[in-house]
Amino acid sequence: MSEKNVSHTKWMKRAIFLASLGKNTTSPNPKVGAVILDKNGNLISEGFHFKAGMPHAEAMAFNNLKKDARGGTIYVNLEPCCHQGRTPPCVDQIISSGISKVYISIQDPDKRVSGKGIEFLKAAGIKVHLGLCEKESLELNKTFIHRIITNNSYGVLKWAMSIDGRIALKNGESKWITNEESRSLVHSLRAEFDAIIIGGNTLRKDSPLLTTRGFKTPEPLRVVFTKTLDLPQESIFWDCNTAKTMVVYDASSANEEYLDRIPKCVEVEKLSSDNPKLLSKLLAKRGCNKVLWECGPLLATEAIKSGCIQEIKAFIAPKILGGENTMNPIGDFGFREMHEIIKLSDSQISLIDSDLCVSGSLKINFQK
Ligand SMILES: NC(=O)c1ccc[n+]([C@@H]2O[C@H](COP(=O)([O-])OP(=O)(O)OC[C@H]3O[C@@H](n4cnc5c(N)ncnc54)[C@H](OP(=O)(O)O)[C@@H]3O)[C@@H](O)[C@H]2O)c1
Ligand SMILES: [Zn+2]
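The rules behind the values
Residues numbered from 1 in each chain as written. Chains lettered and ligands numbered in written order. Predicted model: local features only at pLDDT ≥ 70, side-chain atom pairs only at ≥ 80, totals over all residues. Heavy atoms only, no water. Helix = DSSP H or I, 4+ residues; strand = E, 2+ residues; numbered from the N terminus. Buried < 20%, exposed > 50% of the residue type's maximum accessible area, 1.4 Å probe, protein only. Contact = heavy atoms within 4.5 Å. Areas by Shrake-Rupley, 256 points an atom, 1.4 Å probe, with all protein chains shown as cover. Lys, Arg positive; Asp, Glu negative; His and termini not counted. Charge placed at Lys NZ, Arg CZ, Asp CG, Glu CD. Pairing = 2+ DSSP bridges. Axes fitted to C-alpha atoms, helices over the stretch in contact; angles between N-to-C directions. Salt bridge = Lys/Arg side-chain N within 4 Å of Asp/Glu carboxyl O. 1 Å grid on protein atoms, 1.4 Å probe; cavity = no way out; pocket = protein on both sides within 12 Å on 5 of 7 lines; lining within 4 Å. Points joined across faces, edges and corners; volume = space filled by probe spheres on them. Domains from an automatic or database assignment. Near = heavy atom within 4 Å. Polar contact = N/O pair within 3.5 Å; in protein donor to acceptor, adjacent residues only side chain to side chain. Sits in = over half its atoms within 2 Å of the grid points. Buried area = accessible area lost by both parts, 1.4 Å probe. Disulfide = S-S within 2.5 Å.

**Observations concerning the overall build of the protein**
Counting its regular elements, the protein contains 10 helices and 14 strands. Judged by the C-alpha coordinates and their principal axes, the protein covers about 70 × 45 × 40 Å. Per-residue burial for the protein yields a buried fraction of 50% across its 368 residues. Partitioning the intrachain contacts of the protein with sequence separation of at least 6 by distance along the chain shows that 70% fall at a separation of at least 24. On the protein, roughly 18,400 Å² of surface is accessible, and the fraction owed to carbon and sulfur atoms is 52%. For the protein, the distance from the average position of its 49 positive side-chain charges to the average position of its 41 negative side-chain charges is 5 Å.

**Some points on the sheet that holds strand β12 (residues 311–317)**
With respect to topology, nine strands assemble into an open sheet ordered β10-β9-β8-β7-β11-β6-β12-β14-β13, the strand pairing being mixed. Here the strands that pair on one side only, and so sit at the sheet edges, are β10 (267–271) and β13 (345–352). The average undirected angle you get between the axes of adjacent strands in this sheet is 20 degrees. With six bridges joining them, β12 and strand β14 (residues 355–361) adopt antiparallel strand pairing. Among the inter-strand pairings, I316 is bridged to a residue of β14, identified as L356.

**What to know about the pattern of salt bridges**
Under the defined criterion, the tally for this structure stands at 15 salt bridges. Note that R166 and D164 form a salt bridge whose closest N and O atoms lie 3.9 Å from each other. Among the ionic pairs, D274 bridges to K227, the shortest N-O distance being 3.4 Å. In this pair, D274 is assigned in the loop between β10 and α9 (276–285) and K227 in the loop between β8 (221–226) and β9 (245–250), connecting sequence segments 47 residues apart.

**A word on the layout of surface pockets**
Space inside the largest pocket adds up to approximately 1,200 Å³. Residue lining of the largest pocket: 43 residues in total, with T202, D206, E294, C295 and G296 positioned closest to the centre. Elements with a contribution of two residues or more to the lining of the largest pocket: β6 (154–162), α7 (180–190), β7 (195–199), α8 (200–206), β8 and α10 (297–305). There is about 990 Å³ of room inside the second largest pocket. As for the second largest pocket, its lining consists of 39 residues, and the residues nearest its centre are E139, K142, T143, Y154 and E311. Looking at the lining of the second largest pocket, the elements that each hand over two or more residues are α5 (134–140), α6 (142–150), β6, β12, β13 and β14. Mapping the lining of the second largest pocket onto the domain boundaries places at least three of its residues in each of domain 1 (3–146) and domain 2 (151–361).

**Looking at the site of ligand 1**
By nearness alone, 25 residues border ligand 1, and T202, R204, T226, K227 and L298 come closest of all. In this structure, G172 approaches ligand 1 through a main-chain N or O atom, which is 3.2 Å from an oxygen atom. Between ligand 1 and the protein, one listed contact pairs an oxygen atom with a side-chain N or O atom of R204 at 2.6 Å. Its free accessible area being 900 Å², ligand 1 has 93% of it covered by the protein chains. Here ligand 1 is seated within the largest pocket.

**Re the environment of N179**
Here N179 shows up in the loop between β6 and α7. Through-space distance from the C-alpha of N179 to that of T143 is 29 Å; in sequence the pair is 36 residues apart. The contact partners of N179, leaving out residues within four places of it in the chain, are I352, D353, S354 and D355. At 3.1 Å, the side chain of N179 and the backbone nitrogen of E181 are in polar contact.

**Side note on α6**
Along α6, the positions that sit buried rather than exposed are T143, F144, I145, H146 and R147. Looking at the buried positions of α6, the neighbouring elements they touch are β4 (101–106), α5, β6, α9 and β11 (290–293). Count one or two residues on from α6 and you reach N151, which has phi positive near 60 degrees.

**Brief notes about the domain arrangement of the protein**
By the assigned domains, the protein splits into domain 1 (3–146) and domain 2 (151–361). On a C-alpha basis, the centroid separation for the pair domain 1 and domain 2 is 36 Å. With both sides pooled, the region where domain 1 packs onto domain 2 buries about 920 Å², and carbon together with sulfur makes up 47% of that total. Three residues, N24, T143 and H146, lead the burial of domain 1 against domain 2; their summed loss comes to 58% of the area buried on that side. For the pair domain 1 and domain 2, the interface holds two salt bridges.

**Quick word on the environment of I167**
Structurally, the position occupied by I167 is in the loop between β6 and α7. For the pair formed by I167 and T178, sequence separation is 11 residues and the distance between their alpha carbons is 10.0 Å. Setting aside its immediate chain neighbours within four residues, I167 contacts W159, A160, M161, S174, I177, G296, P297, M327, N328 and P329.

**So, the state of the cysteines**
Inspection of every chain in the model, using the stated rule, returns one disulfide. Counting only cysteine sulfurs, C81 is the nearest neighbor of C82, a cysteine outside any disulfide, at a range of 7.0 Å. Free cysteine: C288, not disulfide-bonded; nearest cysteine sulfur from C308 at 13 Å.

Below is the structure:
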């Protein structure tokens, strides 16, 4: 790589780093960072997008600008917008600043804008370079890209189990399998998500809080997915002061008389079936880029089968629960031969005191 390319990469990596500062706050928007150099290659401003409705990264960099940007260069990890949203189009600001070169890592995946921002810049005589640090930028915004392209939320399935693969005792008791450090890690992990999903049975058995314990304000949306609507009347889960709470039910099987039991502060949505894909789409429509499935085996298996899960995180504790017919994290897929089984890619293993966390990506498609 030439010296020049090394420095272009350095500045794009800086833009990506700035973008990452919006990690838990930009959703439904993407994470974007911008770096501006003057015509001599000196850094004169930078910015990042913090939250929907607040300035885009490029606008923040222009707001911070103290020197003349004419003849300069801007580095952004996502194609600048060219449409009037809640904030003015960034390409207009770039053009009027007199900047002569724009380095863009990846195009905006939204078909309505994809490539148009670049065309606007080129039409104004600006040199546009696309593709620098593409891999890093795709990774950084993979949940946003997934939602825009598939109209589904990017799903992560998490469970906690013993070394003998159990997630609860026969009576449903499961608190606590993993150690305190793992549980605290899960609280901070939840802050990366827009919504956290459980099934009705987990609500009945565990009455979980499902919060980040202060790692994120406001807390992620809590969602219970139910086929029956036979949910407990009393639960800490119903305290909407703790977090926004939502019940999503299958109207084809639920007893709607139970709706009266649900506190008024809880949002209720109905779907036409119990297919978890409909829930994923519903949440995507609400702008949830990334959702955490913390459900038991019945719902988890259906969520995997319907393509709602893109990543798995299994916390494994050095404990033995034992027992016959005790609960495993996942149910039956009907595999009969080893070549059919699900293999995770990009798998990682970390140690959390005496527990293990095994994670990886799922690239499967059960749906024909
Ligand atoms: N260790 C762990 O990581 C962990 C995590 C979660 C749960 N658990 C344990 O798992 C047990 C509950 O397991 P579970 O499998 O019954 O979990 P679940 O998370 O309650 O999921 C099953 C429930 O989801 C609802 N549901 C909606 N659509 C569905 C669909 N298409 N397929 C299946 N269910 C659908 C149903 O609720 P309705 O019955 O209301 O209709 C169903 O009973 C509890 O004992 C809990 O302690 C352990
Ligand atoms: Zn913009």
